[in-house]
Amino acid sequence: MMENGGYVGQYGDDGGYMEQEEEWEREGLLDPAWEKQQKKTFTAWCNSHLRKAGTSIDNIDDDFRNGLKLMLLLEVISGETLPKPDRGKMRFHKIANVNKALDFIASKGVKLVSIGAEEIVDGNLKMTLGMIWTIILRFAIQDISVEEMTAKEGLLLWCQRKTAPYKNVNVQNFHLSFKDGLAFCALIHRHRPDLIDYSKLSKDNPLENLNTAFDVAEKYLDIPRMLDPDDLQNTAMPDERAVMTYVSSYYHCFSGAQKAETAANRICKVLKVNQENERLMEEYERLASDLLEWIRRTMPWLNSRQSDSTLAGVQKKLEEYRTYRRKHKPPRVEQKAKLETNFNTLQTKLRLSNRPAYMPTEGKMVSDITNAWKGLEHAEKSFEEWLLAETMRLERLEHLAQKFKHKADTHEDWTKGKEEMLQSQDFRNCKLNELKALKKKHEAFESDLAAHQDRVEQIAAIAQELNTLEYHDCASVNARCQRICDQWDRLGVLTQRRCQGLDEAERILEKIDLLHLEFAKRAAPFNNWLDGAREDLVDMFIVHTMEEIQGLIQAHDQFKATLGEADKEFNVIIGLVRDAEAIVKQEQVPGGLVNPYTTLSADLISRKWSEVRALVPQRDQTLANELRKQQNNEMLRRQFAEKANAVGPWIERQMDAVTAIGMGISGSLEEQLHRLKEYEQAVYAYKPSIEELEKIHQAVQESMIFENRYTHYTMETLRVGWEQLLTSINRNINEVENQILTRDSKGITQEQLTEFRSSFNHFDKNRTGRLAPEEFKSCLVSLGYSIGKDKQGDMDFQRILAVVDPNSSGYVQFDAFLDFMTRESTDTDTAEQVIDSFRILASDRPYILPDELRRELPPDQAEYCIQRMPPYKGPNAIPGALDYMSFSTALYGESDL
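Residues numbered from 1 in each chain as written. Predicted model: local features only at pLDDT ≥ 70, side-chain atom pairs only at ≥ 80, totals over all residues. Heavy atoms only, no water.

Per an unreviewed UniProt entry, the protein chain goes by the name Alpha-actinin, sarcomeric and belongs to Anopheles atroparvus. Note on the protein chain: under the UniProt heading Sequence similarities (unreviewed entry), the record states "Belongs to the alpha-actinin family." Regarding the protein chain, the relevant UniProt record gives this comment under Function (unreviewed entry): "F-actin cross-linking protein which is thought to anchor actin to a variety of intracellular structures. This is a bundling protein." (UniProt positions renumbered as here; feature names shortened; annotations may be inferred.)

A closer look at the overall build of the protein chain
If you tally the helices and strands in the protein chain, you get 32 helices and 4 strands. The 897 residues of the protein chain split such that 40% are buried. In the protein chain, of all internal contacts separated by at least 6 residues, the share reaching a separation of at least 24 is 71%. Computed over 117 positive and 144 negative side-chain charges, the inter-centroid distance for the protein chain is 8 Å. (Helix = DSSP H or I, 4+ residues; strand = E, 2+ residues; numbered from the N terminus. Buried < 20%, exposed > 50% of the residue type's maximum accessible area, 1.4 Å probe, protein only. Contact = heavy atoms within 4.5 Å. Lys, Arg positive; Asp, Glu negative; His and termini not counted. Charge placed at Lys NZ, Arg CZ, Asp CG, Glu CD.)

Things to note about helix H23 (residues 687–702)
Helix length check: H23, at 16 residues, gives a terminal C-alpha distance of 23 Å against a target of 22 Å (1.5 Å per residue), a fit within 8%. Taken residue by residue, H23 has Ser 689, Ile 690, Leu 693, Ile 696, His 697 and Val 700 as its buried positions. Within H23, the buried residues cover an arc of 125 degrees as seen down the axis, which keeps them to one side. Every exposed residue of H23 that faces more than 90 degrees away from the buried side is listed here: Pro 688, Lys 695 and Glu 702. (Expected span 1.5 Å × (residues − 1). Arc of directions from axis to C-beta.)

What to know about helix H8 (residues 151–163)
An ideal rise of 1.5 Å per residue puts 18 Å on 13 residues; H8 measures up with 18 Å between its terminal C-alpha atoms. The set of residues buried in H8 consists of Ala 151, Gly 154, Leu 155, Leu 156, Leu 157, Trp 158, Cys 159, Lys 162 and Thr 163.

What about the nonpolar core?
The nonpolar side chains of soluble globular proteins are, as a tendency, buried together. Judged by nonpolar contacts, the single largest core of 77 residues is most densely connected at Ile 135, Phe 178, Phe 184 and Tyr 250. Apart from residues no more than four positions distant in its own chain, Ile 135 is found in contact with Trp 45, Leu 70, Leu 74, Ile 77, Ile 105 and Ala 140. Counting 29 residues, the second-largest nonpolar core is a separate cluster that includes Met 655, Ile 690, Leu 718 and Leu 726. (Core = buried A, V, L, I, M, F, W, Y, C linked by side-chain atoms within 4.5 Å.)

Digging into the side chain of Lys 329
On the secondary structure map, Lys 329 appears in helix H13 (residues 311–352). A relative accessible area of 7% places Lys 329 in the buried class. Only 2.7 Å separates the side chain of Lys 329 from the side chain of Glu 380, close enough to count as a polar contact. In this structure, Lys 329 is in contact with Trp 294, Tyr 324, Trp 373, Glu 377 and Glu 380, ignoring residues within four places of it in sequence. (Polar contact = N/O pair within 3.5 Å; in protein donor to acceptor, adjacent residues only side chain to side chain.)

Re empty space enclosed by the protein
Counted by the stated rule, this structure contains 3 cavities of 30 Å³ or more. The computed volume of the largest cavity comes to approximately 100 Å³. For the largest cavity, the lining is made up of 13 residues, of which Lys 431, Leu 432, Leu 509, His 516 and Val 594 are closest to its centre. Among the elements that make up the lining of the largest cavity, the one with the highest residue count is helix H18 (residues 474–538) (4 residues). Looking at the lining of the largest cavity residue by residue, the class counts come to 8 nonpolar, 3 polar and 2 charged. Lining the second largest cavity we find Tyr 284, Lys 336, Leu 339, Glu 340, Val 366, Ile 369 and Thr 370. Of all elements in the fold, only H13 and helix H14 (366–415) reach the threshold of two or more residues within the lining of the second largest cavity. When the residues that make up the lining of the second largest cavity are grouped by side-chain class, the tally is 4 nonpolar, 1 polar and 2 charged. (1 Å grid on protein atoms, 1.4 Å probe; cavity = no way out; pocket = protein on both sides within 12 Å on 5 of 7 lines; lining within 4 Å. Points joined across faces, edges and corners; volume = space filled by probe spheres on them. Nonpolar A, V, L, I, M, F, W, Y, C, P; charged D, E, K, R; others polar.)

Some details on the layout of surface pockets
Space inside the largest pocket adds up to approximately 410 Å³. Counting only elements with at least two residues in the lining of the largest pocket, the list comes to helix H2 (32–50), helix H4 (68–78), helix H7 (125–141) and helix H12 (240–303). The greatest single-element share of the lining of the largest pocket, amounting to 4 residues, is contributed by H12. Residue composition of the lining of the largest pocket, grouped by class: 10 nonpolar, 6 polar and 5 charged.

Quick word on the packing of helix H16 (residues 432–451) against helix H17 (residues 453–468)
Here H16 crosses H17 at 30 degrees, and the two axes come no closer than 4 Å. Of the possible angle classes, the one that applies to H16 and H17 is roughly parallel. Facing H16, whose interface residues are Leu 449, Ala 450 and Ala 451, H17 presents Gln 453, Asp 454 and Arg 455. Here the contact of H16 with H17 is built from residues that sort into 3 nonpolar, 1 polar and 2 charged. (Axes fitted to C-alpha atoms, helices over the stretch in contact; angles between N-to-C directions. Parallel < 35°, antiparallel > 145°, perpendicular 65-115°, else oblique.)

Written out as structure tokens, the structure is:
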């Protein structure tokens, strides 16, 4: 309830205008600028309506005091006529007019509280503003309804929905949300995008945004300026009532356009439904006409019963009918279904949209189409039954004709070439095996000929049946049947004649065949013996010992003892060939001299026998020469073995002595070096013995001697041993010289060096001159190097291992071990020391300049540093500054430079 002026109504605002302002004033929250903003806004709002009556107000707290313009304002905004005003100028006249206005407001359901006519007449600004706000709420805002919310909430929701898609606009209230002007511009652009280019607006230009919105609204939308952009910007929180009043003008302006758009959409929707119904009607008419026309064209073909009385002709018609059922009718079935579906869909849509039912044109009703379709199906059934019956009738007669043709074709194919075959004299030039094959083949033919007797009889019987049934082509059937019977008689005579000729030829060839068979049985093994003997006599042999050559000589003597029996077998084989030649000449048998059992001939056997007899003395001479050669090789083996058995042990003794010196077991480094050089001189003095052994080895190789049972040394092992001896001496001399250099340069005492060597040798169990990682770790521990057994200890050891074995070979050489122990035992330069030195030259700066390097260092070393130092990229860098820290760490391998 309002106590100090206002109203209580259903507008979403408590109406306590005076009450709320007095509460804000007590709490110190009332902004004096609000009253100024309300006065400007309410004045503009009243004038936007009063101008319709041809008048306006200038001062809201003075121009409504007589009640005349107040009553006029209510008549304009309500569209109703108020009681006639009093025209007097006395105070009571003015109070009467104001009371008439207040009574009219109350009659509209607005309960006014603490607003009296006297305050309005007296020019009380707060009461006047409260009364105008009451009028605005009732006549401008109350009618705003969104989702059954109160008027204020509905107006706020309308603003939120309209501005939701816009960037930098978030309407949450009617004061701060509209302060930057973007919300006003978004409302205008949402309904009239042609008036404002929203993409060019910025949140940083609120005055420009507000002026743009107010100017466009006033010029194009007939909404007067009710707010002042400067007042909105200079007030921490703009007055909510002023903003709501102005925003409500936007709502009423655009609500008319929205109603017009809704009406247009409703008309479009109705027209769209009507157009779709008309389209379905036209499509039904088109489909119905097309389907009925197709049925009309198809019926004469289905009712036709004409035929050429041939099976092929009827089958062609049947295939045409099947094509019709398979290709032509299915689309029409679909067309009929679509027609019915469209008709039902159309009727349903017409019923749902309150339209009258569709009535197709005459003859195109669904029942007409159904009757035509039934007639088509009946014609199809009758046509198919006629085709099947006609096919069965003609198939019987066609079957007999095809059966006769098939059997006649089969018989003629079988007899093709048979007469020429029976008259042939091919057996006169055959060998025995070929003749026997021909005879078996002829016997098979005789059996086949007898079996075909039944087929000839069947052909004659079918021809007789075709004559009885008066087949249209009986003349050709009878002529063909007679040709088959005449040929059958000729084949019987020729078969008997060929059988007699085959028997006579077989008797002659069997006699010749026995001689050929015996020749083949004897000639084959004798020929194999000749081939083997000839291969053995000319065989290239390689022997390496006396025992091997003596075995070959003994085998050759045994072969020569078998030559007598071989000569007898040779004469028997040649005699068989002569007998066969005499029979062939006497009987005049073509090709009778060709032996079917072997490719061997008498001439070939005779030639090979002569060759074997000539090769025997040649083999005797070859074996004698090889015997002399093996006797000389035996002498060379003994010479090489005698020399190698002396050189091999000497090399091994020297190698052991050099290895012992290299292990540093005794004596100082200078003594070890002196002894190694003495061994070096002794080795080079022994070289003539190696060269003499090389000469003997060359003779051994030239004689193709590959093994020597008198020694286990080979020239290759001796060469390798000699080279390893020279390499071991040179390597040990180099290692001792490097150890001396390390000792002298690093200040290592002889005792330390001896201790390092002794520890390394202790863990080098296999005397290989290198240690595995675990052996190296144990050696470090034995020298007092502390390596923990925890994870940190393992990491420390891996770092050490990376230093002594940079290539990850898996072993630590003594040189690397000595270098590491030397670094651990002596003082060396570090990267930190070099960095400290550069820092002194750079006056404690983190960088150094080229001029400072040239001033403090020799020219060549200064230029070396300038070329290799990277530019300094840290804070406070100056042009030309160089990074001496990265350069120093790179010198010791501690960076990527």
